[in-house]
Amino acid sequence: MQSPNETISEKASGTPRPVDTGLAVATGEMSSQGASATFGELLKRVKAEGLLDLNPRYDYRRLALNLALIGAGLAAFFLIGGSWWQMPVAVWMGLCGVQSAYMWHEVGHKAMFRDRKVGQVVAYFHANFFSGVSYGWWVNHHNRHHSHPNHITLDPDIGRRTAIFDIKQYATRTPVQRFIVRHQRVLFFALLVLEGYKMEKTTVKELSKTGAKRRSLEIVLVLLRAAIYLTAVFTVLTPLQAVAFIVVQHVALGVYFGLMFAPNHKGMEVRDGEEESLDWLERQVLTSRNIRPNWWIDFLYGGLNYQVEHHLFPAMPQKNLARARELTRDYCAERGIPYLEVGFWESYRQVATFLHEVSAPTRQKREVGVSV
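Residues numbered from 1 in each chain as written. Predicted model: local features only at pLDDT ≥ 70, side-chain atom pairs only at ≥ 80, totals over all residues. Heavy atoms only, no water.

Caption draft 1: View of the pattern of salt bridges. All told, the structure shown has 12 salt bridges when counted by the stated rule. Among the salt bridges present, the one from Arg323 reaches Glu326, with a minimum N-O distance of 2.6 Å. Taken together, the positions of Arg323 and Glu326, both in helix H16 (residues 321-335) and 3 residues apart, correspond to about one turn of that helix. Arg323 gets classed as partly exposed once you look at its relative accessible area, which sits at 31%. The closest approach of N and O atoms between Glu341 and Arg325, which form a salt bridge, is 2.6 Å. Of this pair, Glu341 sits in strand E4 (residues 341-342) while Arg325 sits in helix H16, and the two are 16 residues apart along the sequence. Comparing Glu341 with Arg325, the two get one shared label, buried. (Salt bridge = Lys/Arg side-chain N within 4 Å of Asp/Glu carboxyl O. Helix = DSSP H or I, 4+ residues; strand = E, 2+ residues; numbered from the N terminus. Buried < 20%, exposed > 50% of the residue type's maximum accessible area, 1.4 Å probe, protein only.)

Caption draft 2: Local environment of the packing of aromatic side chains. Applying the stated criterion across every chain, the model contains 16 aromatic pairs. Ring geometry for Trp104 versus Trp138: centroids 6.3 Å apart, planes at 85°, classification edge-to-face. On the criterion of sequence distance, the pair formed by Trp104 in helix H4 (residues 86-108) and Trp138 in helix H6 (residues 135-147) is long-range, its members being 34 residues apart. Summarising the burial analysis for this pair, Trp104 and Trp138 share the class buried. (Phe/Tyr/Trp six-rings, centres within 6.5 Å; stacked < 30°, edge-to-face > 60°.)

Caption draft 3: Structural view of the confidence of the model for the protein. When pLDDT is averaged across the protein, the result is 88; 88% of the residues are at 70 or more. Within the protein, strand E3 (residues 290-291) carries the highest mean pLDDT (97), whereas strand E1 (residues 7-12) carries the lowest (40). Taken as a whole, residues 1-17 scores under 50 in pLDDT and shows 41 contacts with residues more than four places along the chain or in a different chain. (pLDDT = per-residue confidence, 0-100. Contact = heavy atoms within 4.5 Å.)

Caption draft 4: Spotlight on a nonpolar patch on the surface. Residues Leu191, Val193, Leu194, Tyr197, Leu230, Phe234, Val243, Val247 and Val251 make up a contiguous nonpolar surface patch of about 700 Å² in total accessible area. Taken together, the elements giving at least two residues each to the nonpolar patch come down to helix H11 (215-236) and helix H12 (239-261). Counting residues per element, the nonpolar patch draws most heavily on H12, at 3 residues. For Tyr197, the location among the structural elements is in helix H10 (residues 195-207). (Patch = residues over 30% accessible without salt bridge, like charges linked within 9 Å, V, L, I, M, F, W, Y side chains within 5 Å. Areas by Shrake-Rupley, 256 points an atom, 1.4 Å probe, with all protein chains shown as cover.)

Caption draft 5: Main features of the packing of helix H3 (residues 56-80) against helix H5 (residues 116-131). Relative to each other, H3 and H5 sit at 25°, their axes nearing to 13 Å. Here H5 runs roughly parallel to H3, going by the angle between their axes. Relative to H5, H3 is oriented so that their crossing is left-handed. Between H3 and H5, the contacting residues are Tyr60, Leu63, Asn66, Leu67 and Ile70 on the first element and Val118, Val122, Phe125, His126 and Phe130 on the second. Here the contact of H3 with H5 is built from residues that sort into 8 nonpolar, 2 polar and no charged. (Axes fitted to C-alpha atoms, helices over the stretch in contact; angles between N-to-C directions. Parallel < 35°, antiparallel > 145°, perpendicular 65-115°, else oblique. Left-handed = near helix turned anticlockwise from the far one by under 90°. Nonpolar A, V, L, I, M, F, W, Y, C, P; charged D, E, K, R; others polar.)

Caption draft 6: Quick peek at the nonpolar core. In terms of nonpolar packing, the biggest core is built from 42 residues, with Tyr102, Trp104, Val107, Tyr135, Met260 and Tyr301 touching the most fellow members. Contributing elements (two or more residues each) for this core: H4, H5, H6, H12, helix H14 (295-301) and helix H17 (344-358). For this core, the leading source of residues is H4, giving 6 residues. Once residues lying within four places of it in the same chain are set aside, the contact partners of Trp104 are Ala123, His126, Ala127, Ser131, Val133, Tyr135 and Trp138. Membership of the second largest hydrophobic core comes to 22 residues, among which are Leu42, Leu278, Leu312 and Cys332. (Core = buried A, V, L, I, M, F, W, Y, C linked by side-chain atoms within 4.5 Å.)

Caption draft 7: Highlighting the environment of Arg335. By the element assignment, Arg335 lies in helix H16. Between the C-alpha atoms of Arg335 and Thr38, which are 297 residues apart in sequence, the distance is 8.6 Å.

Caption draft 8: Spotlight on unusual backbone geometry. The phi torsion at Lys110 lies on the positive side, around 60°, for a residue other than glycine. For Asn150, which is not a glycine, the phi torsion comes out positive at approximately 65°. Along the chain, Asn150 turns up in the loop between H6 and helix H7 (156-159). Here Asn150 falls in the buried class, since its relative accessible area comes to 4%.

Caption draft 9: Fine view of the side chain of Asp279. Within the secondary structure, Asp279 is located in the loop between H12 and helix H13 (280-286). Arg283 is the oppositely charged side chain nearest to the buried, salt-bridge-free Asp279, at an N-O distance of 6.6 Å. At 3.0 Å, the side chain of Asp279 forms a polar contact with the side chain of Thr38. A distance of 3.3 Å separates a polar side-chain atom of Asp279 from the backbone nitrogen of Leu281. (Lys, Arg positive; Asp, Glu negative; His and termini not counted. Polar contact = N/O pair within 3.5 Å; in protein donor to acceptor, adjacent residues only side chain to side chain.)

Okay, here's the thing in structure tokens:
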């Protein structure tokens, strides 16, 4: 049995890269014999109920609903024409962008289709063509996050943020970033309006590099999307309305996208160092926070409100996460492992409180070891 710190090698873009053993086991790419004893027992219970089995019919219904939402937005756009009443349509399309992200997220985790080609068509359509985001970059980035969530050194989601999660990060921030950090309880949420722009900027940066798998396809889809999108808004709307539409859509997408992902890990256990100190089960449970479910929350979060279970079993279809939640809560109670689930508003209160507390030394004029 392999230790929680060991990795296996996976080929991506022609070069080997390390993949965490726990992730390989959880996604079915490696035998469950490679799992730690604590995770292996829970995995057996999950598999016994068939919770890792795919359900294409359910996913086709999800895709149909998502395309219907997009279609409704496009129909409204062309029917309304040149009018400031297009601003609600811009908000709608921004929200559709996040719902579409849930589609490529599921495909990226191999939780939607058995047929790889079908999955790739769905992923590239929703990511590159509809959203203008590089699917190839996202998969690599997101898998590394899943391997080491909330690890300052190893989690790329922490590395790309201006906000700090440990005071030691403050020294690496620029003067402008330090101002943001000092007020990050508020500015973290305010700056979510830029999330859509930041993803598009990262896409341009990543696709400008050579060697990426299907780079040419991704570039063509992103450019085609930009050409169709800009032509449509500047043809149907006046120049001022077109600019406003683009801004409003990006703001709606960024705020929705950021709010759906903010409660997942922020304020949970943070680790650092060159190696991972926790096994797969503890690593995912102790660093993740669930949002108490109901049908509306499940739709709003695309199933990511079951963050603990999604991180434990990334390849699990969205519809099975509710049952996995019951099994995981019971198992954690048996093992004495803390399992956190809170309500919608409480989750954001906890995030804001954590951001405020971790940045508190930066607001003090004389704090040992901190340059402010």
